[in-house]
Amino acid sequence: MSETRILSAQEDDMKAAVREAAALLAKGEIVALPTETVYGLGADAFNADAVAKVFAAKERPAFDPLIVHISSFKELAEVAVVPEDIAATVKSLAGAFWPGPLTIVLPKTDKVPDLVTSGLPTVAVRQSANLIFRNVGKELGRPIAAPSANRFGRISPTSASAVLKELEGRIPLVIDGGACREGLESTIITIENRGGEQKPLIRVLRAGPVTKEELQKFGKVVIEKKSVTERPDAPGQLESHYAPRTPLLMFDKPEDFRPEPGKKYGLLSYRGDPKAGYMDLHEWETVEELSPGSGKLMEAAVRLFHVMRVLDEEGLDAIVAEPVSETGLGVAIMDRLRRASAK
């Protein structure tokens, strides 16, 4: 097992960290990098051997495609072919949400190795809003393929220390850019032209920080409800994902929770309110709140993976998760909780 170094990229350290990360990527190595959503495990997107190291380090199955990150809109043409009938919509969406947490699935170019897309003819593309990540891409001069920097199916990391807990000894370097500001993986969409005067159809394949309400300005929005167990057609669609080692339980109604004698249960509470949740249902071993007192979805989204990781380290028999309202960011939060409980 080799040593994994952590290198700060905050303030005065950024230029040196960017150069070192880009140099490693240029040599075909893999590096954990901060984004605004979660930390990503990056490789040169055009180097199939480097991309294979990402799959190996994460123990990720080869059928689960990766997201390719571009450092500027001009780079899009290197990785994707934008069909003429949706070109205006892609440009409008990129203008509104790039750099940012929106991933668009498009036909891929021949430059993108099949391993990146798991053999699919399409590629998932986004431009990160994190300045460190974008600067590494610019220094490298090539797009970066980067899924979340964790073991496959586990809790996504939102800090450098969380990356180390997942991948220490498996990767050479983690660039520490502080805590991620969004805390949830990007929204993933496809776009279909419906012809005539109709607005295009935008399918949300994975809910995320860019919400249905924000996308409705650009077309008719449909949120795909399906989860797959074998071969996804885009990243983030597997039924069981983002999961702690400790079983995570969700219930249709609070009264459905029936604790087994002698077992230790922890509560993942939305805001810690006994009147609007599960606080009074049980003598919990420990309670962690997503948005203490206030019930703000944005705060809950940022804290979700951190709180799941804290509870996972408490030696519990099970974690019980309160639901949140499925409006705005609540759709993405509930998506992650359902996938985490799918085991």
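For the structure itself, look to the data block above.
A few points on the structure. (Residues numbered from 1 in each chain as written. Predicted model: local features only at pLDDT ≥ 70, side-chain atom pairs only at ≥ 80, totals over all residues. Heavy atoms only, no water.)

1. Comments concerning the overall build of the protein chain
Part 1: Across its full length, the protein chain holds 10 helices and 15 strands.
Part 2: Relative to the 2.2 N^0.38 estimate, which gives 20 Å for 343 residues, the radius of gyration of the protein chain is 20 Å and therefore close to what a compact globule would have.
Part 3: Across its three principal axes, the protein chain shows a C-alpha extent of roughly 60 × 55 × 40 Å.
Part 4: Out of the 343 residues in the protein chain, the part that is buried amounts to 55%.
Part 5: A total of about 14,700 Å² of accessible surface is found on the protein chain, and carbon and sulfur atoms cover 48% of it.
Part 6: Of the charged side chains in the protein chain, 44 are positive and 49 negative, and the gap between their average positions amounts to 4 Å. (Helix = DSSP H or I, 4+ residues; strand = E, 2+ residues; numbered from the N terminus. Rg over C-alpha atoms; globule rule 2.2 N^0.38 Å. Buried < 20%, exposed > 50% of the residue type's maximum accessible area, 1.4 Å probe, protein only. Areas by Shrake-Rupley, 256 points an atom, 1.4 Å probe, with all protein chains shown as cover. Lys, Arg positive; Asp, Glu negative; His and termini not counted. Charge placed at Lys NZ, Arg CZ, Asp CG, Glu CD.)

2. Structural notes on unusual backbone geometry
Part 1: Between W98 and the following residue, P99, the backbone shows a cis peptide bond with an omega angle of -5°.
Part 2: Structurally, the position occupied by P99 is in the loop between α4 (87-97) and β5 (102-107).
Part 3: A positive phi angle is found at E59, which is not glycine, with a value near 60°.
Part 4: Tracing the backbone through its elements, the reader meets E59 in the loop between α2 (48-58) and β4 (67-69).

3. Notes on helix α7 (residues 160-167)
Part 1: Burial of α7 is extensive: 6 of the 8 residues sit out of reach of the surface.
Part 2: For α7, the full list of buried residues reads A160, A162, V163, L164, E166 and L167.
Part 3: Just past α7, the residue G169 takes up positive phi, approximately 85°.

4. Some words on the sheet that holds β4
Part 1: Here we have 11 strands laid out as an open sheet, ordered β1-β8-β2-β3-β7-β4-β6-β5-β9-β10-β11, and mixed in their pairing. At either end of the open sheet lies a strand with only one pairing partner, and these are β1 (5-8) and β11 (220-223).
Part 2: Those strands touched by helix α1 (residues 14-26) are β1, β2 (31-33), β3 (40-44), β7 (144-145) and β8 (173-176), and its axis lies near 150° from that of β8. (Pairing = 2+ DSSP bridges. Contact = heavy atoms within 4.5 Å. Axes fitted to C-alpha atoms, helices over the stretch in contact; angles between N-to-C directions.)

5. What about the sheet that holds strand β14 (residues 286-289)?
Part 1: With parallel pairing, 4 strands are arranged side by side in an open sheet as β12-β15-β13-β14. Only two strands of the sheet have a single neighbouring strand rather than two, namely β12 (248-249) and β14.
Part 2: Taken together, the 2 bridges between β12 and strand β15 (residues 318-321) define a ladder with parallel strand orientation. Paired with L248 across the two strands is I319, which belongs to β15.

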